[in-house]
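Per-entry structural report
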Amino acid sequence: MIKIKFNFSVNNYNGGPKIRIYNNNDVLVEKVLSEKGKNTILVEADLNFPTKLTIEHYDKNMKYDTRLEDGKIVDDKGFVLETIYINNLKLQKQ
């Protein structure tokens, strides 16, 4: 089993973003990130390399899930992926 740790920074406007994490086509996690700020998701999975990890942000409607004031975004239902660790190895951005 391989341990994968995803670290997110979350904006939880209107309930927070809904995400799915896939290994190839298999759903590993389906979750609402409802807490604002730093969030961590830990996953244990059997991975056969090479593999494709995908994070899907779904069910967001820009009309309702993004708050604008004077044409500028002041709050949003979204997240930033900060880091991913596979076992204890941090993946680097390329």
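Below you will find a few notes about this structure. (Residues numbered from 1 in each chain as written. Predicted model: local features only at pLDDT ≥ 70, side-chain atom pairs only at ≥ 80, totals over all residues. Heavy atoms only, no water.)

1. Re the pairing of strand β7 (residues 72-86)
The cut-off we apply is this: Criterion used throughout: strands pair if DSSP finds at least two bridges between them. Helical segments are the DSSP runs of H or I of at least four residues, strand segments are the runs of E of at least two, and each set is numbered from the N terminus.
Bridge count between strand β1 (residues 2-12) and β7: nine bridges; the pairing is antiparallel. Residue pairing in the sheet places K5 in a bridge with Y85 of β7. As judged from the four bridges shared by strand β6 (residues 66-69) and β7, these two strands associate in the antiparallel manner. From the neighbouring strand, T66 faces β7, where its bridge partner is D76.

2. What to know about the environment of D65
What counts is decided by this rule: Contacts between residues were defined by any pair of non-hydrogen atoms, one from each residue, lying within 4.5 Å.
Following the sequence through the fold, D65 ends up in helix α1 (residues 62-65). Residues D65 and G78, spaced 13 residues apart in sequence, show a C-alpha to C-alpha distance of 8.7 Å. Residue contacts for D65: discarding those within four places in its chain leaves Y13, N14, D59, K60, D76 and K77.

3. Here's the deal with the packing of aromatic side chains
For the record, the criterion: Ring geometry is summarised as follows: Phe, Tyr and Trp rings, the Trp one being its six-membered ring, pair when their centres sit within 6.5 Å, and such pairs are stacked at plane angles under 30 degrees, edge-to-face over 60 and tilted between the two. Only protein chains enter the calculation, and the probe is 1.4 Å; a residue is then buried if its accessible area is under 20% of its type maximum, exposed if over 50%, and partly exposed in between. Put simply, a charge is over a ring when the Lys NZ or the Arg CZ is close to the ring centre, within 6 Å, and near the line of the ring normal, within 35 degrees.
Per the stated rule, a full pass over the model turns up two aromatic pairs. Ring geometry for F6 against F8: centres 6.4 Å apart, planes inclined by 15 degrees, an arrangement best described as stacked. Of the two residues, F6 and F8, neither departs from the other in class, the shared state being buried. Ring geometry for F8 against F79: centres 5.2 Å apart, planes inclined by 90 degrees, an arrangement best described as edge-to-face. On the criterion of sequence distance, the pair formed by F8 in strand β1 and F79 in strand β7 is long-range, its members being 71 residues apart. Judged by relative accessible area, which is 1%, F8 ranks as buried. Between K5 and the ring centre of Y85, over which it is positioned, the NZ or CZ distance is 5.1 Å. Its guanidinium or amino end placed over the ring of Y58, R20 lies 3.7 Å from that ring's centre, counting from NZ or CZ.

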